[in-house]
Amino acid sequence: MSSETSTGTAVTTPAGTPPAHDALAHEALDLARRLLDGVDRRRAHVEVATATAATIAHTVPPADRDLLLAAVALHDVGYAPQLRRSGFHPLDGADHLAALGWPTRLVGLVAHHSGARFTARALGLEELLDAHPDEGGPVADALVYCDMTTTPDGRQVSLAERLQDAHARHRDDPAPQRRARLDREPFLRAAVARVQARLGTARAVVLPHPTQHR
Ligand SMILES: [Fe+2]
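So, here is what we can say about the structure in this document. Since the structure is predicted, the reported quantities are computational estimates derived from the model, not experimental observations.

**Looking at the overall build of the chain**
Tallying secondary structure elements over the chain gives ten helices and two strands in all. The buried share among the 214 residues of the chain stands at 49%. Across the chain, every contact between residues at least 6 apart in sequence was considered, and the portion connecting residues at least 24 apart equals 70%. Of the accessible surface of the chain, which amounts to about 10,000 Å², a share of 53% is contributed by carbon and sulfur atoms.

The following block contains the structure:
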């Protein structure tokens, strides 16, 4: 896989050498911070969402916990102006990460995060989004939870507050996109409810936020 240095230069690990397992989240957060530098609201959102991921990581299998933190850290990099292609941030972010060689599962989680398919359909971008895998399951649910309980400027809120805020921000969007947002809500509510159920049964293991490793 590869990532970018602070100067934007691609760094590639030798072919066939997977990254150290616990290194993925660190690398992901570093890249997200660089790409979202100057996009302050989204950077704050990503920091808080990643911290939330560390507290609910025990709702996914142990082997997927680093992947979860990495996916949450990178899920909104498509908001970086320099990555703008389609204008749809899940797709632009995923395409960029795929081009850099990030793991396919991580790229798919970014592409399909938080019900991106609903809006992609309204925008005529569903086929392009489906170039990336849509795995569903506990990691995708946990990503929804982290994203949908954090406002765009990084405040922790309930899902209901987050949806209300989204309605207010997008009230001037074209009707098909507003409709898609409404259609997406049951999907988001179901994912958050599944995470809450897992939180109720899983033994709590709070992972350090990637910044706390250093
Ligand atoms: Fe987000």
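So, next bit.
**Regarding the coordination of the iron ion**
Protein coordination at the iron ion: the donors are His45 (NE2), His75 (NE2), Asp76 (OD) and Asp147 (OD), at 2.1 to 2.3 Å from the metal. Taken together, the four donor atoms coordinating the iron ion and their angles of 82 to 166° define a geometry best described as irregular. As a motif over one chain, the donors of the iron ion read H-x29-H-D-x70-D. Of the two residues, histidine 75 sits in the loop between helix 3 (65–74) and helix 4 (89–100) while aspartate 147 sits in helix 8 (residues 137–148), which places them 72 residues apart along the sequence.

**A short note on the side chain of arginine 181**
Secondary-structure assignment places arginine 181 in helix 10 (residues 175–201). Buried within the structure, arginine 181 lacks any salt-bridge partner; its nearest side chain of opposite charge belongs to aspartate 173, at an N-O separation of 4.2 Å. If we ignore the near neighbours within four places in the chain, the residues touching arginine 181 are Ala166, His170 and Asp173.

**Observations regarding the environment of glutamine 196**
When you line up the elements, glutamine 196 lands in helix 10. Here the alpha-carbon distance between glutamine 196 and threonine 59, two residues 137 residues apart in the chain, equals 8.9 Å.

**Remarks on the packing of aromatic side chains**
Inspection of every chain in the model, using the stated rule, returns one aromatic pair. With a centroid separation of 5.8 Å and an interplanar angle of 55°, the aromatic rings of phenylalanine 118 and phenylalanine 187 are classed as tilted. Residue phenylalanine 118 is found in helix 6 (residues 116–123), and its partner phenylalanine 187 is found in helix 10; the two are separated by 69 residues along the sequence. Judged by relative accessible area, phenylalanine 187 falls into the partly exposed class, the value being 36%. Across from the ring centre of phenylalanine 118, 5.9 Å away, lies the NZ or CZ of arginine 121, which sits over that ring.

**With respect to helix 2 (residues 40–56)**
An ideal rise of 1.5 Å per residue puts 24 Å on 17 residues; helix 2 measures up with 25 Å between its terminal C-alpha atoms. Among the residues making up helix 2, those that are buried are Arg42, His45, Val46, Ala49, Thr50, Thr52, Ala53, Ala54 and Ile56. Buried residues along helix 2 sit in contact with helix 1 (23–35), helix 3, helix 8, helix 9 (159–169) and helix 10.

**Quick notes on the side chain of serine 114**
By the secondary structure assignment, serine 114 is in the loop between helix 5 (104–111) and helix 6. For serine 114, the side chain forms a polar contact with the side chain of aspartate 147, separated by 2.8 Å. The residues contacting serine 114, other than those within four sequence positions of it, are Leu143, Val144, Asp147, Met148, Arg184, Phe187 and Leu188.

Criteria and cut-off values
Residues numbered from 1 in each chain as written. Predicted model: local features only at pLDDT ≥ 70, side-chain atom pairs only at ≥ 80, totals over all residues. Heavy atoms only, no water. Helix = DSSP H or I, 4+ residues; strand = E, 2+ residues; numbered from the N terminus. Buried < 20%, exposed > 50% of the residue type's maximum accessible area, 1.4 Å probe, protein only. Contact = heavy atoms within 4.5 Å. Areas by Shrake-Rupley, 256 points an atom, 1.4 Å probe, with all protein chains shown as cover. Donors = N, O, S within 2.8 Å, 3.2 Å for Na, K, Ca; no water. Tetrahedral: all angles 85-135°; square planar, octahedral: opposite > 155°, others 65-115°. Lys, Arg positive; Asp, Glu negative; His and termini not counted. Salt bridge = Lys/Arg side-chain N within 4 Å of Asp/Glu carboxyl O. Phe/Tyr/Trp six-rings, centres within 6.5 Å; stacked < 30°, edge-to-face > 60°. Lys NZ or Arg CZ within 6 Å of the ring centre and 35° of its normal. Expected span 1.5 Å × (residues − 1). Polar contact = N/O pair within 3.5 Å; in protein donor to acceptor, adjacent residues only side chain to side chain.

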